[in-house]
Amino acid sequence: MQLGVIGLGRMGRIVVDRVLDAGHEVVAFDLSEEAVAAAADAGAEPAESVADLADRLGDDKRIWLMVPAGDAVDATLDDLDPHLDADDVVVDGGNSHFEASVRRAEACSAAYLDCGTSGGPAGAELGFSLMIGGPQWAYDEMTPVFDAVATNPDGHDRMGEAGSGHYVKMVHNGVEYALMQAYGEGFELLAEGRYDLNLEAVARTWNNGAVIRSWLLELCEEAFREEGTDLGDVDDHIAGGSTGTWTVQEALEQEVPVPLIYQSLAERFGSRAADRFSRRLANRLRYGFGRHEVARKDD
Ligand SMILES: NC(=O)C1=CN([C@@H]2O[C@H](COP(=O)(O)OP(=O)(O)OC[C@H]3O[C@@H](n4cnc5c(N)ncnc54)[C@H](O)[C@@H]3O)[C@@H](O)[C@H]2O)C=CC1
Ligand SMILES: O=C(CO)[C@H](O)[C@H](O)COP(=O)(O)O
């Protein structure tokens, strides 16, 4: 099979390498000339633009987008659409909002598959977990590519109609936030608690047979090994948040309680404000109702 890949960053480059390793051909494009050159060094056919990539693909084009979610997906589709027809297939492997994917599937001249991708850059060796929404025929047609990019045939599946792949990935990320928060709270208690513990040793022990073993816990073990049991100079600031916000918004709309996911999202937002207004007000209110001493910034 011949696959066009647009977006050759941390994730797209893995798609390129795994598809080439499986014996397929790849035509590659990115706004970054360096990224295109690096993909060409790895064996891909370089393209100079989206239109050039489309020209280099034969009939029945198969194209994987791995550009940042949002405007970059729409801009790429705008450039691509004049070159597409109903026999072509476009996969969006990024973290797009599921409603944007439904809109794009309706507008796209080709069959459109929304593909939630999990595994991160560490998936280069293992492959990814792929959650795919869209027409069954397009999923079947792309199966050789999904087999190459995923961990194994069980590492990809069609979730359902358009949008369902990115919907499942959105919820996956909400779960990811809550798991990170749970590990974080447990290790914080161990770090602040009664015993002088080596947290790398705790994580390693848990990772070997404990009920709570997981890849995220392996990453905790790696973090303590590389940063130290006190996490050294790692700041208490958590970036990101879009997919967790979408999960909470959807849960509110569906009236499904997700307090753990919400709380972990709120912790992220809280981590970005060094000087929380709500805490300062609570500090002052304790004086108001109880004449408790007000802690001042200069104290
Ligand atoms: N990094 C991760 O762990 C994961 C990322 N994702 C999603 O995968 C998508 C890609 O993420 P990364 O590879 O990490 O991002 P990245 O920033 O490493 O790579 C994005 C690439 O797209 C290129 N690009 C941007 N706009 C473009 C355009 N209009 N046309 C062509 N190329 C364009 C950039 O030059 C860059 O090389 C995002 O939607 C992200 O949310 C999904 C799962 C995990
Ligand atoms: O999808 C992912 C992992 O599954 C990406 O790493 C994503 O960026 C994680 O979300 P956030 O940036 O909000 O932490």
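Numbers given for residues are sequential positions, taken from 1 along each chain in its written order. Starting at A for chains and at 1 for ligands, labels are handed out in the order in which the entities are written. In keeping with the model being predicted, local features are shown solely for residues with a pLDDT of at least 70 and side-chain atom pairs are shown and tallied solely at 80 or more, while totals for entire chains, interfaces and linings include all residues. Hydrogens and water molecules were not included; the side-chain quantities draw on all heavy atoms of the structure.

With that out of the way, let us pick up the overall build of the protein. Runs of H or I in DSSP of at least four residues are treated as helices and runs of E of at least two as strands, each being numbered from the N terminus. Each helix and strand counted, the protein has 13 helices and eight strands in total. Taking the principal axes of the C-alpha coordinates as reference, the protein spans close to 75 × 40 × 35 Å. Long-range pairs, those at least 24 residues apart, make up 60% of the contacts in the protein with a sequence separation of at least 6. Here the open area of atoms and residues is found with the Shrake-Rupley method and a 1.4 Å probe, where only the protein chains shown may cover a residue. With the model as given, the accessible surface of the protein reaches about 16,600 Å², and the carbon-plus-sulfur share is 51%. Should any heavy atoms of two residues lie within 4.5 Å, those residues are considered in contact.

On to the site of ligand 1. Taken together, 21 residues are adjacent to ligand 1, and Arg10, Met11, Asp30, Asn95 and Thr117 come closest. Two N or O atoms count as a polar contact when they lie within 3.5 Å, although within protein this holds only if one can serve as hydrogen donor and the other as acceptor, and sequence-adjacent residues are included solely when both atoms are side-chain atoms. Here a nitrogen atom of ligand 1 sits 3.4 Å away from a polar atom, N or O, in the main chain of Leu31. Within the contact set of ligand 1, an oxygen atom lies 3.4 Å away from a backbone nitrogen or oxygen of Ala69. With the chains in place, 76% of the 830 Å² that ligand 1 exposes on its own is no longer accessible. Residues are grouped as follows: nonpolar covers Ala, Val, Leu, Ile, Met, Phe, Trp, Tyr, Cys and Pro; charged covers Asp, Glu, Lys and Arg; every other residue, Gly included, is treated as polar. For the shell around ligand 1, the per-class residue count stands at 11 nonpolar, seven polar and three charged. Proximity criterion: a residue is near a molecule or strand once any of its heavy atoms comes within 4 Å of it.

All axes are obtained by fitting lines to C-alpha atoms, using only the stretch in contact for helices, and the reported angles, taken between N-to-C directions, cover 0 to 180 degrees. Packing of helix H8 (residues 164–192) against helix H10 (residues 215–227) brings their axes to within 10 Å, and their N-to-C directions diverge by 45°. The angle between H8 and H10 places the two elements in the oblique class. Our pair here, H8 against H10, has a crossing hand that is right-handed. Residues Glu176, Leu179, Met180, Tyr183 and Phe187 of H8 lie in contact with H10, whose contacting residues are Leu216, Leu217, Cys220 and Phe224. Taken together, the residues of the contact of H8 with H10 break down into eight nonpolar, no polar and one charged. Here roughly perpendicular refers to angles of 65 to 115 degrees, roughly parallel to angles under 35, roughly antiparallel to angles over 145, and oblique to all remaining angles. By convention the crossing between two helices is left-handed if the near helix lies anticlockwise of the far one by an angle smaller than a right angle, and right-handed if it lies clockwise.

Method remark: on a 1 Å grid restricted to protein atoms, a set of points is classed as a cavity if a 1.4 Å probe fits but cannot get out and as a pocket if it is open with protein on both sides within 12 Å along at least five of seven lines; lining residues have an atom within 4 Å of a point. Grid points are joined across faces, edges and corners, and a volume is the space filled by probe spheres set on the points. Using the criterion set out here, one finds one cavity of 30 Å³ or more in the structure. Of the volumes computed, that of the largest cavity is approximately 30 Å³. If you go around the largest cavity, the residues you meet are Gly94, Asn95, Ser96, His166, Lys169, Met170, Thr243 and Trp246. Among the secondary structure elements, those contributing two or more residues to the lining of the largest cavity are H8 and helix H11 (242–254). Broken down by element, the residue count for the lining of the largest cavity peaks at three residues, all from H8. Of the residues that constitute the lining of the largest cavity, the class distribution is two nonpolar, five polar and one charged. For every domain, the bounds stem from an assignment made automatically or drawn from a database. Per-domain counts for the lining of the largest cavity show at least three residues from each of domain 1 (2–162) and domain 2 (169–271).

The buried count for helix H1 (residues 12–21) comes to seven of 10 residues, which makes it a mostly enclosed element. By the burial criterion, the buried members of H1 are Gly12, Ile14, Val15, Val16, Arg18, Val19 and Leu20. Check the buried side of H1 and you find it contacts strand E1 (2–6), strand E2 (25–29), strand E4 (62–65), helix H6 (123–126) and helix H7 (136–149). Only protein chains enter the accessibility calculation, which uses a 1.4 Å probe; a residue whose area is less than 20% of its type maximum is buried, one above 50% is exposed, and one in between is partly exposed.

All residues in the neighbourhood of ligand 2 are listed as Asn95, Lys169, His172, Asn173, Glu176, Tyr177, Gly240, Gly241, Thr243 and Arg268. The contact in question runs from an oxygen atom of ligand 2 to an N or O atom on the side chain of Arg268, over 2.9 Å. Considering ligand 2 on its own, with 370 Å² of exposed area, one finds that the protein chains cover 62% of that surface. With five residues, the single largest contributor to the shell around ligand 2 is H8. Grouping the constituent residues of the shell around ligand 2 by class yields one nonpolar, six polar and three charged.

Any Lys or Arg side-chain nitrogen found within 4 Å of a carboxyl oxygen on Asp or Glu counts as a salt bridge. In the structure shown here, the tally under the stated rule is 10 salt bridges. The salt bridge involving Arg225 is made with Glu221; its shortest N-O contact spans 3.8 Å. Here the residue Arg225 and the residue Glu221 both occupy positions in helix H10, the gap between them amounting to four residues, near one helical turn. Residue Arg225 is classed as partly exposed on the basis of its relative accessible area of 47%. Accessibility expressed as a relative area gives 13% for Glu221, which makes it buried.

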